[in-house]
Amino acid sequence: MNIQRRSTLAMLALSSTLWLASATPAAAQPVQVQWWHAMGGALGERVEELVKNFNSSQNKYAVTAVYKGNYDEVINGTIAAYRAKRAPALVQIYERGFMTMLLSDATMPVQDLLDQRGFKVDWADFVKPVAGFYSYKGKLMTMPFNSSSPILWYNKAHFEKAGFAKPAETWQELEKQLYAIKQKGISACGSVLAGDYHWSLLENYSAINDLPYATKANGYQGLDTEFVYNNTSVVSQVARIKKWIDDDVMQIAGQGLSPEQLFTSGKCSTYFASTAAHSGIERESKIDWSATYLPWEEGKQPKNSTIGGASLWVMKGQKPAEYEAVAAFLDYLAKPETQFWWVKATGYVPLTNKAYELARSQGYYKDHATREIAILQLTRGTPTANSTGFHFGNFTQTMMAQRDEFQNVVAGKKTPQVAMDDAVKRGNEILRQYEKLNKGRY
Amino acid sequence: MAAAIESGLKRAHFKDVRLPVLLLLPQLAILLFFFFIPSFRALGQAFFLSDPFGNTVHFVGFDNFAQLLQSDTYHESVQVTVVFTILQNLLTIAVALVLAFASDRVIRGRGIYKAIILLPYAIAPVIAGILWAFLFNPAVGPLAQVLHALGLAWDPNRVGSDAMILVILAASWKHVCYDYIFLLAGLLAVPSSLMEAAAVDGAGPLRRFFTIGLPLLMPTMFFLAVMNFVYGFFEIFAIVDAVTQGGPAGATNVLVFKVYVDGFINLDLGSSAAQSVILMIFALLMTLLQFRYVERRVSYDV
């Protein structure tokens, strides 16, 4: 028998088994649904595990997780697929895309879906700032998934050497500490600028210090919202960061190097970044690190921080059986046990109070104290209109304009006030564009 | 007369019209699906304000174009692109010329030199970009340390001109080999009788290069200048993405990168489409220029 003949036979055998498999009764076949996500690397492995756990917990549905690149790539892929009428059932979209998805007319509210399918989800049990961000008119529109909040990471040895027990609570005191650490020659840089600094140092800064970021309760009460952060101490915050960078107390990692590396290698003493950095820092770090709350302005009573991360949107145009599968999967996700597993595996915050209670009652936070900071910070006090969250259309675009202007400050081309005025002006133009497009739909 | 010869040639090669059409079909299909259809869609999109999913669409006429022409960031982007392209062009051609002249001179191991010089062309643009970004990273890059040791406050993360220099270096490094191979071929094609005659008359290698080689290379250089412009305008997306992401403060935000950011990150499809239409018109002009003025002067049968 020659090789060609053998491979033809093999093909025949293979295709007949495939045919047999597809010919088995439909009832035994689980309903297949696709979930597009943006979790690469270690987080991607956790997602695979999550899906596997769900698929083996029952035999009616099978979820396939598909890694589609970063958040930008997932939303673009989703848009392209939707326009071609081939959208997956479930997609993971970053929090900045909330308004884009909400008014797109391409999605289905998760709360409706699960209620209609008879799943008893305790919607009131979702952690407030998380549910607040993803709700519209009191209804959860998308399933919160990986939620995080920025915290302050620090190098314990550096602070102890400089004679401080830990980072101070206020920006003013922390500044003195970082300058002292630099002057004593303990570290080359007091802090490193995170890639998503606009989130931690400007947006969350506003929420924690109870400063209005925009009118209309930061966009929650209408599309005619306007940015106002150029009239608050955000301007002096920008000036402070600029000063730190000028004095070499803060470093910009730049392209070709991750900011996290500058912290975990022990070069920089602090790092303002997401609690989701836990998985990376725990794995890579050679230093004795810890973390604490984000600082606030002297004399202020700090409010809660707001979330970042992503949520899962259900796309329109699926078959009833597929909706049922999606609903079952989301119900599984919301379960405290699943949540607790996810929290342990990744460093993201628990999404429901029950899940949080479960983690606490099992003593998880005793051994992992830094992992509780984000949730404590998120639930601190009663949220005000300034700290509930941010609902802006074209939010990514306004953020990019803001970053552009921030870079003008760092480059010394504009003063903080002028740059933030310009950022607000550009941002408002972008908001008006969105308002024009979606008039009367919010 | 010329036309008659041409058609005679065509007839000699293809007696039947079906075969050439069949041979052209795959290429035409690719052009149709990956060029013409997207181009026409972009042309259409440029006149609409729409949400990315396409469920809400408003016709806005030339608003997208008007907004672009009024926008400071777009003006900056045009400026940045022009500066980048010109400098990149000069640097690439100059280096390629020196290398071509030098490897035309060496006899032993010419093949090895050529292979080494051509290597960067085989490297993916993103990799090339990351390489340069790392080498000149002010915190860890070895070459940045050298600059700092020389007393230069090098910092492409903050200083726009530094970032621009870095992108030009990376883009030119990646493209030098392209120019080089054309220039080398051009030099090799210079009739050796001319060179030998000049040598007998006592002209040194440099003199021979400048008075004989260079003038004969002019059509090639003009062709390369056009190609470099096209490269600078359309093909350096990956390098900018890896080296600076258009920053700091838009200092390296070249047009093609801006199209990408506005379309695929900001999801501002109308503006992005309008920008691509403008770029498309520019590409057409470049092609026209090349066909009208360059193609006629470059003779390929040396």
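Predicted model, so just to flag it, every value in this text is computed and none were measured.

Caption draft 1: Focus on the overall build of chain A. When its secondary structure is counted, chain A shows 20 helices and 13 strands. Rg of the C-alpha trace for chain A: 24 Å, near the compact-globule value of 22 Å for 442 residues, within the 12% margin. Once the C-alpha set of chain A is aligned to its principal axes, its extents read approximately 80 × 55 × 50 Å. Per-residue burial over chain A gives 60% buried out of 442 residues. Considering only contacts within chain A whose residues lie at least 6 apart along the sequence, 77% involve residues at least 24 apart. Of the roughly 18000 Å² of accessible surface on chain A, a fraction of 53% belongs to carbon and sulfur atoms. Looking at charge distribution, chain A has the averaged site of its 48 positive side-chain charges lying 5 Å from that of its 42 negative ones.

Caption draft 2: Quick look at the interface of chain B and chain A. Of the residues lining the interface, 38 residues belong to chain B; the matching set on chain A comes to 41 residues. In total, about 3200 Å² of surface goes out of reach between chain B and chain A, with carbon and sulfur atoms giving 53% of it. The tally of links from chain B across to chain A stands at 2 salt bridges. The closest approach of N and O atoms between Asp63 of chain B and Lys436 of chain A, which form a salt bridge, is 3.9 Å. At the boundary of chain B with chain A, the tally comes to 15 residue pairs in polar contact (both at pLDDT 80 or more). At the level of secondary structure, the elements contributing two or more residues to the side of chain B that touches chain A comprise β1 (48–50), α3 (63–70), α6 (125–135), α11 (237–243) and α12 (255–265) of chain B. Classifying every residue of the side of chain B that touches chain A by side-chain character gives 17 nonpolar, 16 polar and 5 charged.

Caption draft 3: Inspection of the environment of Leu119 of chain B at higher detail. Within the secondary structure layout, Leu119 of chain B lies in the loop between α5 (110–118) and α6. Residues Leu119 of chain B and Lys174 of chain B lie 55 residues apart in sequence; the distance between their C-alpha atoms is 9.1 Å.

Caption draft 4: Fine view of the UniProt feature "domain: ABC transmembrane type-1" (unreviewed entry) in chain B. Sequence positions flagged by UniProt for "domain: ABC transmembrane type-1" (unreviewed entry) are, in local numbering, residues 78–290 of chain B. Counted over residues 78–290 of chain B, helix gives 77% and strand 0%. Its end C-alpha atoms are 22 Å apart.

Caption draft 5: Up close: helix α2 (residues 41–57) of chain A. All names here are of chain A. Compared with an ideal rise of 1.5 Å per residue, which puts 17 residues at 24 Å, α2 spans 25 Å between its outermost C-alpha atoms and is within 8% of the ideal. Among the residues making up α2, those that are buried are Leu43, Gly44, Val47, Leu50, Val51 and Phe54. On an axial view of α2, the arc spanned by its buried residues comes to 115°, and they lie on one face. Every exposed residue of α2 that faces more than 90 degrees away from the buried side is listed here: Gly41, Lys52 and Ser56. Residues of α2 that are buried in the fold lie against β1 (31–37), β2 (61–67), β7 (143–148), α14 (320–334) and α15 (336–346).

Caption draft 6: Structural context of the pattern of salt bridges. Residue and element names in this part refer to chain A. Applying the stated criterion across every chain yields a total of 28 salt bridges over all chains. Its salt-bridge partner being Asp224, residue Lys216 comes within 3.6 Å of it at the nearest N-O pair. For Lys216, a relative accessible area of 34% translates into the label partly exposed. In this structure, the salt-bridge partner of Glu284 is Arg283, at a minimum N-O distance of 3.8 Å. For Glu284, a relative accessible area of 34% gives the class partly exposed. One connected set of salt bridges, linked through shared partners, spans Asp404, Glu405, Lys414, Asp422 and Arg426.

Caption draft 7: Summary view of helix α9 (residues 197–208) of chain A. Residue and element names in this part refer to chain A. Along α9, 12 of the 12 residues are buried, which leaves the element largely enclosed by surrounding structure. Along α9, the residues classified as buried are Tyr197, His198, Trp199, Ser200, Leu201, Leu202, Glu203, Asn204, Tyr205, Ser206, Ala207 and Ile208. Following α9 by one or two positions, Asp210 has its phi on the positive side, about 55°.

Caption draft 8: Up close: the UniProt feature "transmembrane region" (unreviewed entry) in chain B. Residue and element names in this part refer to chain B. The sites that carry the UniProt feature "transmembrane region" (unreviewed entry) are, in the present numbering, residues 21–40, 78–103, 115–135, 180–200, 212–234 and 273–291. Taken end to end, residues 115–135 is 71% helix and 0% strand, and its two terminal C-alpha atoms sit 23 Å from one another. Strand forms 0% of residues 273–291 and helix 100%; the C-alpha atoms that close the span are 27 Å apart.

Cut-offs used in this document
Residues numbered from 1 in each chain as written. Chains lettered and ligands numbered in written order. Predicted model: local features only at pLDDT ≥ 70, side-chain atom pairs only at ≥ 80, totals over all residues. Heavy atoms only, no water. Helix = DSSP H or I, 4+ residues; strand = E, 2+ residues; numbered from the N terminus. Rg over C-alpha atoms; globule rule 2.2 N^0.38 Å. Buried < 20%, exposed > 50% of the residue type's maximum accessible area, 1.4 Å probe, protein only. Contact = heavy atoms within 4.5 Å. Areas by Shrake-Rupley, 256 points an atom, 1.4 Å probe, with all protein chains shown as cover. Lys, Arg positive; Asp, Glu negative; His and termini not counted. Charge placed at Lys NZ, Arg CZ, Asp CG, Glu CD. Buried area = accessible area lost by both parts, 1.4 Å probe. Salt bridge = Lys/Arg side-chain N within 4 Å of Asp/Glu carboxyl O. Polar contact = N/O pair within 3.5 Å; in protein donor to acceptor, adjacent residues only side chain to side chain. Nonpolar A, V, L, I, M, F, W, Y, C, P; charged D, E, K, R; others polar. UniProt positions renumbered as here; feature names shortened; annotations may be inferred. Expected span 1.5 Å × (residues − 1). Arc of directions from axis to C-beta.

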